[in-house]
Amino acid sequence: MQQQTKILKGLKNCYCDFVRSALGKDCDQLSLSDEQIRDLCRKAIQKNVQSGVLSLFLKSPNLTIAKSVLSEFSVDGKVIISADKLQEVRTQDLLGDNVILEVSSLLDMSEVALSNLSDLSAKMKVPLLFHLGRTLEEVGLISVRYHQSPSRFLEEFGFLDRECYILGGNYLDKDDFSLLSSYGAKVILTPKSDSLCGREFVNLLTLENADIDYCFGSDIYPIVNIFHEALLAYEGTANLLVNNFTLDLKRLEKSLQSDFGQVEIEDDDIDFPLGLFETEWGQIVRVMSKDNKLIYQKGEKK
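A short tour of the structure in this document, coming up. The shown structure was predicted, so the numbers you read here are calculated from the model rather than taken from an experiment.

1. Some words on the pattern of salt bridges
And then number 1: With the rule as written, the count across this model stands at 13 salt bridges.
And then number 2: Here Glu-72 and Arg-42 are joined by a salt bridge, their closest N and O atoms 3.0 Å apart. Separated by 30 residues along the polypeptide, Glu-72 in the loop between helix H3 (63-70) and strand S3 (76-82) and Arg-42 in helix H2 (residues 34-50) bring together distant segments of the chain.
And then number 3: Arg-42 sits in the partly exposed class, given a relative accessible area of 24%.
And then number 4: One salt bridge connects Asp-194 with Arg-199, and the closest N-O pair in it is separated by 2.8 Å.
And then number 5: Given a relative accessible area of 3%, Asp-194 falls into the buried group.

2. Here we look at the side chain of Glu-138
And then number 1: In this structure, Glu-138 sits in helix H5 (residues 136-146).
And then number 2: Although Glu-138 lies buried, it forms no salt bridge, and the closest oppositely charged side chain, Arg-134, sits 7.6 Å away as judged by the N-O distance.
And then number 3: In contact with Glu-138, not counting residues within four places along its chain, are Leu-107, His-131, Leu-132 and Gly-133.

Thresholds applied
- Residues numbered from 1 in each chain as written.
- Predicted model: local features only at pLDDT ≥ 70, side-chain atom pairs only at ≥ 80, totals over all residues.
- Heavy atoms only, no water.
- Salt bridge = Lys/Arg side-chain N within 4 Å of Asp/Glu carboxyl O.
- Helix = DSSP H or I, 4+ residues; strand = E, 2+ residues; numbered from the N terminus.
- Buried < 20%, exposed > 50% of the residue type's maximum accessible area, 1.4 Å probe, protein only.
- Lys, Arg positive; Asp, Glu negative; His and termini not counted.
- Contact = heavy atoms within 4.5 Å.

Set out below in structure tokens:
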């Protein structure tokens, strides 16, 4: 069958764990030297570029090193840094548009700490990312402790009136998503990581009905393949619904793509988006940066 090529916008990976992406396995991040962190960040970014990713949110334990490494590549990059590490971060390093503060558990932070974080993010205009609704236990504990839903709790502290990302949302309900949507919050889906950890998939139709923007991340999954993340989410939604459903495939396509660069894909039979999902998604033959610079070509080391 004749090979065909398709030119797409660059892809985006909205949550990538630098260790899992670089090594394909976990390790003790606390024992990593600065040079090891630098090397792992570089390998993680290279793996993403070779997978067509040109917009990357990279989680790293060291903000300064990750920002430095990202500047070496022609990608639109942001560094995700844990709010727990704020005491190790210089204030000036939070300036700009390439840092995201992460809260991995609302339950592990006091109300005073959350209030201080809200004030800091508002003052410095730093985006926030919350792990939210990833387990039923977390949703239940927030309800019991604070007598409100997870999204209402974020609203109470003012976290939703700024750039805000929700990682997960697996066990949030439609009212949560409607509230998040009203503030313009974005949901980051990680289907392969969810499958690895035994979490339920998020119903894409629920997100679509709530008119909430969503995107995909590789999270802790060692293989970066944003097309397969989307396929798994699509199939998970199909399995949740008994009746036939119609999903906005243009919206799904948009959720994969960044506004930076181009990716050229070669395959026997291309019918984007689902036709690509159903294959081994063809071969990425070249990746071009936003300034039309070749940054990856199949068979060549970059």
